[in-house]
Amino acid sequence: MQVVNWLPRTELPFAAPSRPELLQALEPYEAFESSGEEAAAPVAVVKPVPEARPVVERAKIEVPRPSPVVKAVVVEEAAPVAKAPVVPPPRFALQLLRAGRCLLLVELPTGERFQTRDPAYMLLKDMLRAAGLPDSPQIVGDPVRWPLLVRGTMDQGPEAARDFVQGFVSARLEDEPCVCLWLIGLPAVRFAGEANAEAWYRELQVEGLGSVWALPGLELLMEEPQRKADVWQAMRRLMARWKTTDE
């Protein structure tokens, strides 16, 4: 505040006595003059300015940071699996008979063995007499019934049925060959002759079985008697196969 001296307006109790010399005004400062020379100008003290160092900017080294791994979840829609249609096993019953030089694989209309008075069996005897063969055929083995098992995981489809029937007949042919195998009824034609109803009345060649003759079933012949004429015409063409010269 540039106050040189300070005096109280009143005398303070217990204060020291004032000193008069301190109350005199100070003389103004006079610049000291040298003899015949100008006063030296005040020397300005120049502080050295620190040398400015160039600021070297450090290159930023970018440290590669592991990027978050985003696993792409590929949701593959399960392709619909086309399931093969479940084919129920075929159902049939066949009986193998021997008449002279021929074997007969006959469909059993009721699934049971032939009885003497069965209409189907009576018709079969008539056909054998017309063909010049013994009318009392011999039964060969037990009836072949399909499917073999009521339960189980064994394949009992059409192909398995065909292999079984052909194997059964082939084994009987090895025991005693024949000149012609009669296939009577659609199951016999299908699973032994590998044919269908279009092959009726025709002679076929089947590997492992030789010459076979495809015929409608006995029950169908009774229901549609007009088919007997077709059987007779085909029979006349084939009789030479099983008839001997002295007959």
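Residues numbered from 1 in each chain as written. Predicted model: local features only at pLDDT ≥ 70, side-chain atom pairs only at ≥ 80, totals over all residues. Heavy atoms only, no water.

- The name recorded for the protein in an unreviewed UniProt entry is Energy transducer TonB, from Pseudomonas tritici.

1. Details of the overall build of the protein
At step 1: A tally of regular secondary structure across the protein gives five helices and six strands.
At step 2: Put simply, the protein runs from its N terminus to its C terminus through helices and strands in the order β-β-α-β-α-β-α-β-β-α-α.
At step 3: In the protein, which comprises 247 residues, the share counted as buried stands at 30%.
At step 4: Of the contacts formed within the protein by residues at least 6 apart in sequence, a portion of 65% connects residues at least 24 apart. (Helix = DSSP H or I, 4+ residues; strand = E, 2+ residues; numbered from the N terminus. Buried < 20%, exposed > 50% of the residue type's maximum accessible area, 1.4 Å probe, protein only. Contact = heavy atoms within 4.5 Å.)

2. Structural notes on helix 2 (residues 158-175)
At step 1: Between the first and last C-alpha of helix 2 there are 26 Å, a value that for 18 residues agrees with the 26 Å anticipated at 1.5 Å per step.
At step 2: The elements touched by buried residues of helix 2 are strand 1 (92-99), strand 2 (102-107), strand 3 (138-146), strand 4 (180-184), helix 3 (186-191) and strand 5 (203-206). (Expected span 1.5 Å × (residues − 1).)

3. Re the pattern of salt bridges
At step 1: In this structure the tally under the stated criterion is nine salt bridges.
At step 2: One salt bridge in this structure joins Arg145 and Glu112, with 3.6 Å as the shortest N-O distance. Of the two residues, Arg145 sits in strand 3 while Glu112 sits in the loop between strand 2 and helix 1 (119-130), which places them 33 residues apart along the sequence.
At step 3: Of the charged contacts in the structure, one is a salt bridge between Arg162 and Asp163, with a shortest N-O distance of 3.3 Å.
At step 4: The class of Arg162 is partly exposed, set by a relative accessible area of 28%.
At step 5: Among the charged side chains, a salt-bridge network with shared partners connects Asp126, Arg129 and Asp135. (Salt bridge = Lys/Arg side-chain N within 4 Å of Asp/Glu carboxyl O.)

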